[in-house]
Every structure is written in C-alpha cells, then in structure tokens.
Amino acid sequence: MSTLATLRSQYHWKTAGLLVPGLLLCSVAPASADRIERHFKVAAHPVVTIHNPNGLVTVRAWTKPDVMVVVQRATSQVEVDAEQNGNRVDIQGRQVADTAAPDDLRADLEISVPQDTELQIHNDSGGVTVSNVLGDMNVDTIAAAVDLQDTAGYLTVKTVGGAFQCLRCAGRVEVTSISGNFKFIDLHSVYVRAQTSEGNILFNGSFMPNATYVLKNYSGAIEVRFSPGDSFDLMATSLKGKVNNEAKLEPSMHHHPKFGNALFGTFNSGRARVELNSFDGTINILKRD
Amino acid sequence: MSTYACNDFLKQLEAWMEGERSSVAQSHLRDCAHCRGLVEDMGAIRQAALAWAAQESDPPARVWVSLRAQLAQEGLIRGEEPRLAKAPRGWLAAIFAGVPRPALAGAYLLALIAVSVAFTGRSARELNESRWMSGTQNSTGLLNAQLQTEQNSVSGMVESNPVVTASLHDNLAIVDNYIALCEKSVREEPESEIARDYLYDAYQQKASLLAQMTERGMNGR
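Residues numbered from 1 in each chain as written. Chains lettered and ligands numbered in written order. Predicted model: local features only at pLDDT ≥ 70, side-chain atom pairs only at ≥ 80, totals over all residues.

Regarding its fold elements, chain B presents ten helices and zero strands. Listed N to C, the secondary structure of chain B is α-α-α-α-α-α-α-α-α-α in terms of helices and strands. Counting all 221 residues of chain B, 34% fall into the buried class. For chain B, restricting intrachain contacts to residue pairs at least 6 apart in sequence, the fraction spanning at least 24 positions comes to 76%. (Helix = DSSP H or I, 4+ residues; strand = E, 2+ residues; numbered from the N terminus. Buried ≥ 20, exposed ≤ 12 C-beta atoms within 10 Å, placed from the backbone. Contact = placed C-beta atoms within 7 Å.)

Structure (structure tokens):
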C-alpha cells in the first residue's frame, strides 16, 4: 500500500472514530436524563406528598408561597406526576416500562416548599434530604438514608436499612429502623424516641427541660454526650453489654428492676428524662468535648 | 415516700384506661417513668387499633377468638365468650370490637404482639418463673407460626429494584437472628422483663417487615 493510500485510510478511520460516537450521542440524548420543572401556588400550611421509589429526594424551604418541583429523570422509562389538590401537592414517580434496569428508573427530585409545609415522603432507595422545613414530617424508606437539617414539628421517620441523621432538629422526633445508624447532632427536641436493631445511635444535643429521650437498640453502640450544665434523670440498661458512664449521678429514688448492666441516677436536678436501652450493645455516656 | 407501688398502679390500669384516675395513681404516674411508659404504650395501642378501625371491614373472627382464648388461658383476662356483635364494655373490649381486618396483610399480628407485650410482659410480675416461661412460649409460639406462614409467602418475592430486595431480605435475617438471641436470653432468665420486651419487640419488627414485604408484593411495586 502507498503512503498516500495509508494516510487516506487512517484519515477515514479517524473520521469514522469521531463521527460514530457523535451520532450515538445524538441518538441517546433524547432518551437520557432530562429536566422537568413545575410550579404550584399554595396557601399557608400546605401539604406535599412525595412518592419516589428510586432516586434522591431533596426538599428545601424557601420564602415564596410556591412549591417548585424539579425532576431529573434517568430515562423516559420513569414518569413523575405532580398535581395539586387544594392546598396539597402530590408528587409521584412511577415506572412506565414493564422491564427496565433499576438505574433507568431513577428520578431525582428537588423540591422547594414554604417553611410551614407538612411533608410526607416515601423513598425506597436513593436518599432523602430535608432542610429548613418547620412543618410536620413523615418519612418512610427502605434502603434510603434520611438526612434532616434545621427542621421542627413532629418528625416520624421509618427506615428498614437506611441511616438517619438529624442536625439542629427541634420539635418531636420518632425514628425506627432495623439496621440504620442514627445521629442526632445539636438537637433541640423535647421528645425523641429512637429505636434501631443493629445500628449505632449517637446523641449529641441539648437536654431540654421536661424533655424525654428514649434511645434503644439491640446491638451496636449508644453514645450520649452531655455538658456539665445539663440536667437529666438517667436510666441506662444493657442486658448483655456494657454501660460506661462519665456523669456523676445521684442514685435514683425509684425502684428499678435489675437485669444485666444497669445504671440509674440523676444528673444535676434531673429535668429531662433519658432512657437508654440495649440488648447486647455498649452504652456510653460521655462528656461533651 | 409513697407506699403506692407499680404493682398497685398495674392493678388499676384497666380503670385508668377507662378514665377512672385516682389522685394517688396520678401522683404515682408523675413520678414513675416506667408506668408512664406503659400508659403511653397502651394509649398508642388504642390509637393504632382505632386507626385500623377506620380502614376496612371486620377481622376474621377466629383471630380474636384465638387471641382472647389465649389471654384467658394465661389468666390475664377473664375467660368469656367473645361477643363481637355486642356493644363493648371495657376499654380492651372496645378495642377488640372496633378493630376490623387490618389494611395491611399481617397487621393483626401487631395487635397480637402489642397486647401480649402489655399483658404478658408487664402486668404479672408476681407470676413465677415457670409461668413466665410458659406464658412467653405460648405467646411467641403462636406468633412464630403465623409469622412463618407469612414469611413463606414472601420468600420468593423479588422486587424490581435489587437494592430494595437485598435490604428487605438482609434485614429480615437480622430480625430473625435477634429473635433467636432473645429467645435464648428468655430461656436463661425467664423473669427478665427486659429480655421479654426485646423478644416481643423483635417479633413486632418482623411482623411489620413482613407486612411491608407482603404489601409490596401485592402492589407489584
């Protein structure tokens, strides 16, 4: 083969090498990720329900009296319906194709809502993040983690395996899981009831006067951090595990059944009630750094 | 310090739930986190039962007949023929009469567990060790059989999302493991209220998880 012919041949292959991926991209683009945006005018205390089986759900509060829904779909094999019924906005992801790969059924939702919105969120896998929403909230997931920041109201969270984190949450918190880890950081809640079977629980927040904190697991660690100025009545029991305590407690006046390793007592004037229970996990009551 | 103890309060629990609240009981409840927790739990059971009542039609009569017979057999309630059609008398009877077939498959198991926890787990401390053991075994034996049936029906179920399928099955295995651990613990210390509570909690979790799995199967999600 001549040199010219070789060069021409190389040129043709190079051209084809550039053109073919380009053509492929053009043909794939319409069916791949797309963005849909919807707006809904709402009155005070709206309710937003979100059902998204697969993908991220991110909810943020803003100052407008609107609910804005931004949907990023992986493919057209998943549809997200959003409709308004009075002061309620329902957002529902659904599978269009009968057979599709899980990644093709993914839809990520970004939702902006007024601060006083009540939220009901269901997400199987992906993740849920909510920030600055002060209304009541109910979150239900299977494997998805739940991350709340600066929320208030009555929060009920249920996961099967998803982790839960609550940063600067107030109000009332009830969370249950089987294997999810829980973290409560800078909490200002007056009622916390948290139960996970296999997960760890970290509580590093304020013990509010007259508040109740009940943390329970089967295994894993329960760690509670306290400051010298905190005031709580403590009941800590691990049936098969250890209880490590750095708080100077006054012995409790009440009779408590004694099984396993237990610790009962009052720190300062005992204004909050703290109940820590584990089956065979370790309970650590440690001074806050 | 008051001589009114938890056992005294437990004897008045039914009256308390019906609204008869003596000042001494109120005073005890203010000071006793344990009894307060029990009253909260019973309130939650009643609320849950009423919520179910709002959902669908009547439960299978055999469930309530069997539940009542079991509680009567354990001496936790007086044996009496169930009268589902008549007006309820006590707060417990009111719950039974008002509760229809739960919307979720297996949800009635939760009621069974909840009632078992409330009565077997907390109200009869004076019973001896063997009584505890047989009481616990009676309650959990029935539960175990019912949950096993439920588990068999969902074992072959496959979700379209493998992450979800794996999570559900992994967590079911975790709960089964805890049930085994708790049963061992109850066998070792039959009078340990905490061990029994953990056992019933584990059964409750399993019932809840199986109900969730069944519902997903039925919905084809």
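Secondary structure assignment for chain A yields one helix and 25 strands. The buried share among the 289 residues of chain A stands at 42%. Counting contacts in chain A only where the partners sit at least 6 residues apart, residues at least 24 apart contribute 48% of the total.

Turning to the nonpolar core, a few remarks are in order. Formed by 92 residues in total, the largest nonpolar core has its most connected members in L109(A), C182(B) and L199(B). If you tally residues by element for this core, the top one is helix α10 (residues 193–219) of chain B, at twelve residues. Aside from chain neighbours lying at most four places away, what touches L109(A) is I50(A), N52(A), G55(A), L56(A), V57(A), T58(A), V69(A), V71(A), V80(A) and I91(A). Ranked by size, the runner-up nonpolar core spans seven residues in total, among them F9(B), L38(B), M42(B) and I45(B). (Core = buried A, V, L, I, M, F, W, Y, C linked by C-beta atoms within 7 Å.)

A word on the environment of Q195(A). Residue and element names in this part refer to chain A. By the element assignment, Q195 lies in strand β16 (residues 188–196). On the basis of neighbour count, Q195 is assigned to the buried category, with 20 C-beta atoms found within 10 Å. Residues Q195 and K158 lie 37 residues apart in sequence; the distance between their C-alpha atoms is 9.7 Å. If we skip the residues at most four places from it in the chain, Q195 touches T176, K216 and N217.

Each partner contributes to the interface: chain A provides 24 residues, whereas chain B provides 24 residues. Listed by contribution, the elements that provide at least two residues to the side of chain A that touches chain B are β20 (232–238) and β24 (272–278) of chain A. A per-class count over the side of chain A that touches chain B returns twelve nonpolar, eight polar and four charged. (Nonpolar A, V, L, I, M, F, W, Y, C, P; charged D, E, K, R; others polar.)

Turning our eyes to something else, we now look at the pairing of strand β4 (residues 66–73) of chain A. Residue and element names in this part refer to chain A. Burial of the side chains of β4 is restricted to one face: V67, V69, V71 and R73 are buried, whereas none of D66, M68, V70 and Q72 on the reverse face is. Pairing geometry for strand β1 (residues 34–41) and β4, over eight bridges, is antiparallel. Note that in β4 the partner of I36 across the bridge is V71. Relative to strand β7 (residues 107–114), β4 runs antiparallel, the two being bridged by six bridges. The partner of V69 across the bridge, within β7, is I111. (Pairing = 2+ DSSP bridges.)

What follows concerns the sheet that holds β7(A). Residue and element names in this part refer to chain A. As summarised here, the arrangement of the twelve strands in space is β1-β4-β7-β3-β9-β11-β13-β15-β17-β19-β25-β21, forming an open sheet in which the pairing is mixed. Edge positions in the open sheet fall to β1 and β21 (243–245), since each of these has one partner strand only. In this sheet, neighbouring strand axes are inclined to one another by 10° on average, regardless of whether the strands run parallel or antiparallel. In this sheet, strand β17 (residues 201–204) lies alongside strand β15 (residues 182–185) in parallel orientation, the contact comprising four bridges. Each residue of the ladder has a partner; that of F184, found in β17, is F203. (Axes fitted to C-alpha atoms, helices over the stretch in contact; angles between N-to-C directions.)

To continue, consider the confidence of the model for chain B. Residues and elements named next belong to chain B. On average, chain B scores 68 in pLDDT, and the residues at 70 or more come to 47%. Mean pLDDT values over the elements of chain B span from 48, in helix α6 (residues 91–98), up to 90, in helix α9 (residues 162–188). A low-confidence stretch, residues 79–93 (pLDDT under 50), is modelled with 16 contacts involving residues beyond four sequence positions or located in other chains. Here residues 95–105 is modelled with pLDDT under 50, and outside its nearest four sequence neighbours on either side it reaches 35 contacts, counting other chains as well. Prediction confidence for the complex, expressed as pTM and ipTM, is 0.68 and 0.78 respectively. (pLDDT = per-residue confidence, 0-100.)

What follows concerns the environment of A247(A). Residue and element names in this part refer to chain A. Mapped onto the elements of the fold, A247 is located in the loop between β21 and β22 (250–251). Classification of A247 by C-beta neighbours within 10 Å gives buried; the count is 20. In this structure, A247 is in contact with F226, F267 and I285, ignoring residues within four places of it in sequence.

All names here are of chain A. Of note, D186 is a non-glycine position whose phi angle comes to about 50°, a positive value. For D186, the position within the fold is in the loop between β15 and β16. Accessibility expressed as a C-beta count within 10 Å gives 13 for D186, which makes it partly exposed.

Turning to the confidence of the model for chain A, a few remarks are in order. Of the residues in chain A, 86% reach a pLDDT of 70 or more, and the chain-wide mean stands at 87. Below a pLDDT of 50 lies the segment residues 1–32 of chain A, which in the model reaches four contacts outside its immediate sequence neighbourhood of four places, other chains included.

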